[in-house]
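The residues making up each chain are set out below.
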2 protein chains.
Amino acid sequence: MTTVDLSLPPALTQVSLHDAFWSPRLEANRACTLPALHDKLVEVGALDAFDLPEYAKRGITIPKNHQVTPQMWWDSDVAKWIEAASASLVTHPDAALDAQIDDAIARIAGAQQPDGYLNTYFTAIEPDKKLTNERDWHELYNAGHLIEAAVTHFQATGKTSLLDIMERYSRYLAGVYGPNPGQRPGYPGHQEIELALLRLYHATGRREHLDFARYFLDQRGQQPPYFETEALARGDNPQDFWAGTYEYMQAHQPVREQSQVVGHAVRAMYQYAAMADLAAADGDADLRAACERLWDDLTRHSLYLTGGLGPSASNEGMTRPYDLPNDTAYAETCAAVGLAFWARRMAALTGDAKYADVMERALYNNVLSGVSLSGDRFLYENPLESDGTHRRWAWHPCPCCPPNLARLLASLGEYVYAVSTQEVTVNLYAGSTLRADVGGQHLTLTQESAYPWRGDIHLSVELDAPATFTVRLRIPAWAQGATLSVNGEPQTVTPDQGYAVLTRGWRSGDRIDLTLPLLPRRTYAHPAVRQDAGLVALEYGPLVYCVEGVDQDADLHALSLARDSALSARFDPDLLGGVTVIEGEAVADAIGGYDLYTSSPPETRPAHLKAIPYAVWDNREPTPMRVWLRETAR
Amino acid sequence: MTTVDLSLPPALTQVSLHDAFWSPRLEANRACTLPALHDKLVEVGALDAFDLPEYAKRGITIPKNHQVTPQMWWDSDVAKWIEAASASLVTHPDAALDAQIDDAIARIAGAQQPDGYLNTYFTAIEPDKKLTNERDWHELYNAGHLIEAAVTHFQATGKTSLLDIMERYSRYLAGVYGPNPGQRPGYPGHQEIELALLRLYHATGRREHLDFARYFLDQRGQQPPYFETEALARGDNPQDFWAGTYEYMQAHQPVREQSQVVGHAVRAMYQYAAMADLAAADGDADLRAACERLWDDLTRHSLYLTGGLGPSASNEGMTRPYDLPNDTAYAETCAAVGLAFWARRMAALTGDAKYADVMERALYNNVLSGVSLSGDRFLYENPLESDGTHRRWAWHPCPCCPPNLARLLASLGEYVYAVSTQEVTVNLYAGSTLRADVGGQHLTLTQESAYPWRGDIHLSVELDAPATFTVRLRIPAWAQGATLSVNGEPQTVTPDQGYAVLTRGWRSGDRIDLTLPLLPRRTYAHPAVRQDAGLVALEYGPLVYCVEGVDQDADLHALSLARDSALSARFDPDLLGGVTVIEGEAVADAIGGYDLYTSSPPETRPAHLKAIPYAVWDNREPTPMRVWLRETAR
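Draft legend 1. Spatial organisation of the overall build of chain A. When helices and strands are tallied, chain A shows 16 helices and 22 strands. Taken over the C-alpha trace, chain A has a radius of gyration of 25 Å; the compact-globule value for 634 residues is 26 Å, and the two agree within 12%. Taking all 634 residues of chain A together, the buried fraction comes to 61%. Within chain A, contacts between residues separated by at least 24 positions form 70% of all contacts whose residues are at least 6 apart in sequence. When the accessible surface of chain A is totalled, it reaches about 22000 Å², and 50% of it is carbon and sulfur. Here chain A contributes 53 positive and 81 negative side-chain charges, whose respective centroids are spaced 1 Å apart.

In structure tokens:
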């Protein structure tokens, strides 16, 4: 059933970015976020924690005065840092960083037990509880992140030091979990290892990893629930599950039968990403259909305009269709990162640009809002309205988001292009160079643009020899009236699944010019979304806009925009590192009088409205923010 | 400093109600709520708990198989039931109920310790912790409610059985708390005993109770904080206070210096009620000024339109000025009950109708919404918007609200009138008969009306002999164009502090006719209230209206009302026990299409809007509800 010519992301080494919009963010990620994360991992003891199992291995009790109390999720935080740092080495060779990574890997090697098991917490602190509670504890999740780190480290550096460790651990786990006598029919409480094993399969070509990922996905949601079996084995009452429902971790029904996005948002995204990847690798139509149903449910009912998801803090996840509160939106950064993972795989699986449209929406909005322009302040939750008290922080007791962001940004090239033997797909518009073998020749494709501020995009082709292949250029759904030319010759833009498709003989010096009309535009939510009723949002290209109090002369809730008022876009090089602002004339409720309630509607006055990209909110002093604005229909 | 002619509520025995609006609610209270509460108190063991101290007194360990585990606040729940049941006996003599009350009082007597101390929990369960944590535990609060019960029981039945017990306990407490050597400079964590002691003073004339109330009020907020002293005495770190701030219980500064309503809403209301009562009894101008400042702060910045207060669940209380979220409004029933307590005392203290206006607003809206029409289902929180999942319950682990409501409704006569030697003040319009000595004669004043559905109010005077005195009739602030006549002769309505004042010689057969124009009216919140921006509320007389989903042909958030559209009022005898509905033409966003976000504003269609009084929401099937409606400016 295997598809012959899978469309896959390029290797990290195949893409370099030189983009006015992204490069400063990637540079902040490299120069500020990565060292800041390493400092924090040292400071809290997450790196030192890998030395603890060494004591255990030697039968030494951990000294009482030892500073380190490992948290169950620390291994994953170190792993994500290794992944981000390794990816960064591709574009910025850095011997000191390379040495830091090698040091971390050496510690990880030291922590691996003779049987292959590898987890700091359950080796050092509660060895008797090892692999006894996959429902709540994070052993397989940690393993997954370490596997991803190993794959990226291998791809970035060619070193197999971490890859060997993790293949060994993976084989240990494949001995524990499986259908055979003496094995357990289990799967993780927090999905992650499934997509990691699929990456391990793509990197090594070894089908054992693919099969193990498939086993975990197929076991999920089977009866009787494994988490019940496991709870009974611990002597616990399965009814005492704190989350109350296996929907929390999408284990309420077999994954192929799932059609509603439920529960914890990050777990859902990681699961669906793995499902999409497996569907492509196996050519599995049922699994693909499940992915498409789930995608449809998410994007029709539960996705914030910013590409965020999971409105509720209580389950870090989903609630009901059309429930999209703005001020209390949880919309965890990791969930949007996970959506980008899933969307990229759906785009590759289906060849449909609607997935890349959402990927772009998540990346340019809810993902990017997760880190400050400076690279050292983070948002865990990404609400669409704030009274000015929701601020970025430097660290978090559960610091999953910053290194997740860091690894995504360091690997951004994988999102710009997708490559198969006969096709190059351009999913994002960003100044970059792709080197890939396509149509039997070595292609260097150079993209130049000032996107998302300007809509003219230029691609130039270099080839060792002329070759025939397809270039697919995504025409975003919002881009009405896009124009396209090859070597100055206009092409008809009739998108196929959202892509302009150029199949032809190419030769060095060929030039593609694409223009996406960029204008401020108004966006409305479905009338079933009660929180957005009567409100309008502003967008510009892939960017969702917001108003911040500091830019207005009225309270944000007092502002309203006439439906037909003019909006203008202006690039301000001095604002927030250089952004295009949207401006327009609005009206504001006048300052009220003495009484809390009156029989007179508020007087209004003219007001000037100035909106900035949501991606860069909360980068100045504390100030209220809103995405959805009151609209006067007139 | 004592004021000579205090305006006080009439005794319960002086007023009887026979009102189309209130009588069915009072009857449900008597015939359904009271027995339901008694059943629950028996079922959970709160009444049996009074037998536990008897074991302790005899040195008997509570049997292990004993069903009762007292809660710290149970004594107060029993007390509130006794208070409500006693008040009910005045209008409905009921030998069985009288016997139930006597039985409860006999148990309470049995629980009183030889030294006068009286608390089930700290006698039976944790005797070593008696009076060691007034900050968090509820001993003085429970004492206060038992004192209030004793006063009402005495006033309703003439019996002193509970009064004697509580005067004895009060004297025990006055020995513990005070300025003398060996006494503690303390005060309650949850205010209540202060207003109870003032009622005890009014009922008995004994100044010791007034002085004890004044001591508690004066100690509050003094330095060093008593709760710190007390915590240190327990061996606790005062910094470990779970609420984080003494603002939580209004103990952050001396009460005379307070000017902002902060913290737990019920505690605040009970404190302010006691302050107003003490200010009147003492003629204390400073205390009165503090009450007026606090009133001003509450009504200008933090009062819901429904007379509810305390937007936040986390502290069951206040947040910031103009922060009035509708869907997450805590607005505890008990807080509105407490506001009615305070408002009645402020009206008596100042003679200003603005206080009775707010008292009426609380009673007709947030108080009454707390109990179902059937009398056996309750709301603890009274939000101004619900998605249909916020429902009434039959009982609550902390069942403070139902008996609080029950005692208020059973004592409603105290809110209708206020009486001094030369004046009768009519604060509420409700069919009722007042018997009082005024102007040296025995007056029977009979009020007839169909208020709040109709605005014509008729009062007739019966006197043993002609007499000169003043009748003050509240002209609600919303009643523009009220007309008044005496014996058919028109009177000029020029309100003095909000009251039409009729001072004259009165004789039997005199008749007063007052007409308050009743029309549906639109109300707007101050532009600083972000949650109500662009929204309008509907009112009719004292009633705030809401829309329920079941009455509309569109989603509530999809409806909007044009600013100048006609509204009509119509009495529907078959709806919710007979209510006036407000109807009008609105527009509704049409049902949306497939996409969650679009570039087209929603189409609209005509819709019919039908609003019901907020007081009777959630008396049908589960359905969404909103008070504040979207408004189209033109």
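Alright, that's what it looks like, and here's the rest.
Draft legend 2. Examining the packing of aromatic side chains more closely. Scanning the model with the defined rule gives 64 aromatic pairs over all chains in all. Every member of this aromatic cluster is reached through a ring pair, and the members are A:F21, A:W22, A:Y364, A:Y429, A:Y451, A:W453 and A:F571. Residue placement shows B:R300 over the ring face of A:Y594; its charged tip is 3.8 Å from the ring centre.

Draft legend 3. How the structure looks around the relation of the copies chain B and chain A. Once chain B is rotated about the relating axis by 179 degrees and shifted along it by 0.1 Å, it coincides with chain A to within an RMSD of 0.1 Å. When the rotation and shift are considered jointly, the pair of chain copies conforms to a two-fold rotation axis. For chain B, the minimum C-alpha distance to the rotation axis belongs to B:T632 and amounts to 3.7 Å. Of all interface residues in chain B, 100% are interface residues in chain A too; the two copies therefore contact each other through one and the same surface.

Draft legend 4. Seen up close, the interface of chain B and chain A. Contacts between the two partners involve 43 residues from chain B, matched on the other side by 43 residues from chain A. Summed over both sides, the interface between chain B and chain A buries roughly 3600 Å², with carbon and sulfur atoms accounting for 56% of that surface. The three residues of chain B that bury the most area against chain A are B:R530, B:L596 and B:Y597, which together make up 21% of that side's buried surface. Linking chain B to chain A there are 6 salt bridges. With its nearest N and O atoms 3.7 Å apart, the salt bridge here joins B:D327 to A:R530. Where chain B packs against chain A, one counts 19 residue pairs in polar contact (both at pLDDT 80 or more). If one sorts the elements of the side of chain B that touches chain A by residue count, helix α12 (residues 285-302) of chain B sits on top with 5 residues. Taken together, the residues of the side of chain B that touches chain A break down into 19 nonpolar, 12 polar and 12 charged.

Draft legend 5. The sheet that holds strand β5 (residues 432-438) of chain A, seen in detail. Residue and element names in this part refer to chain A. Read across the sheet, 7 strands follow the order β1-β5-β6-β7-β12-β9-β10 without closing on themselves; strand pairing throughout is antiparallel. Strand pairing shows two members of the sheet lacking a second neighbour, β1 (15-17) and β10 (489-491), which therefore form its edges. The sheet shows a mean angle of 20 degrees between the axes of neighbouring strands, taken without regard to direction. The sheet contact formed by β1 and β5 spans 3 bridges and is antiparallel. Of the residues in β5, the one forming a bridge with L17 is S432.

Draft legend 6. Spatial organisation of the pairing of strand β9 (residues 483-486) of chain B. Residues and elements named next belong to chain B. Relative to strand β12 (residues 511-515), β9 runs antiparallel, the two sharing 4 bridges. The residue bridging L484 from the neighbouring strand is L514, located in β12. Here 3 bridges tie β9 to strand β10 (residues 489-491), and the two strands are oriented antiparallel to one another. Its bridge partner being in β10, S485 is matched across the sheet by P490. Between β9 and the antiparallel strand that follows it, β10, lie 2 residues; N487 among them carries a positive phi value of about 50 degrees.

Draft legend 7. Spatial organisation of the environment of A:E585. Residues and elements named next belong to chain A. Position of E585 relative to the elements: it lies in strand β18 (residues 579-589). Residues E585 and T623, 38 residues apart in the sequence, show an inter-C-alpha distance of 21 Å. Residues contacting E585, with those up to four places away along its chain left out, are L561, S565, A566, A607 and H608. At a separation of 3.2 Å, a polar atom in the side chain of E585 contacts the side chain of H608.

Draft legend 8. Layout of unusual backbone geometry. Look at the link from A:Q223 to A:P224: it is a cis peptide, with omega at -10 degrees. Tracing the backbone shows A:P224 in the loop between α9 (207-219) and α10 (226-234). Omega for the peptide link from B:Y451 to B:P452 comes to 5 degrees, which places this bond in the cis form. Take B:P452: it is sitting in the loop between β6 (441-449) and β7 (456-463). Here A:Y322, not a glycine, exhibits a phi torsion of approximately 65 degrees, which is positive. The exposure class assigned to A:Y322 is buried, which follows from its relative accessible area of 18%. Although it is not a glycine, B:E316 adopts a positive phi angle of roughly 45 degrees. Within the element layout of this structure, B:E316 appears in the loop between α12 and α13 (333-350).

About the criteria used
- Residues numbered from 1 in each chain as written.
- Chains lettered and ligands numbered in written order.
- Predicted model: local features only at pLDDT ≥ 70, side-chain atom pairs only at ≥ 80, totals over all residues.
- Heavy atoms only, no water.
- Helix = DSSP H or I, 4+ residues; strand = E, 2+ residues; numbered from the N terminus.
- Rg over C-alpha atoms; globule rule 2.2 N^0.38 Å.
- Buried < 20%, exposed > 50% of the residue type's maximum accessible area, 1.4 Å probe, protein only.
- Contact = heavy atoms within 4.5 Å.
- Areas by Shrake-Rupley, 256 points an atom, 1.4 Å probe, with all protein chains shown as cover.
- Lys, Arg positive; Asp, Glu negative; His and termini not counted.
- Charge placed at Lys NZ, Arg CZ, Asp CG, Glu CD.
- Phe/Tyr/Trp six-rings, centres within 6.5 Å; stacked < 30°, edge-to-face > 60°.
- Lys NZ or Arg CZ within 6 Å of the ring centre and 35° of its normal.
- Least-squares fit on C-alpha atoms with pLDDT ≥ 70 in both.
- Buried area = accessible area lost by both parts, 1.4 Å probe.
- Salt bridge = Lys/Arg side-chain N within 4 Å of Asp/Glu carboxyl O.
- Polar contact = N/O pair within 3.5 Å; in protein donor to acceptor, adjacent residues only side chain to side chain.
- Nonpolar A, V, L, I, M, F, W, Y, C, P; charged D, E, K, R; others polar.
- Pairing = 2+ DSSP bridges.
- Axes fitted to C-alpha atoms, helices over the stretch in contact; angles between N-to-C directions.

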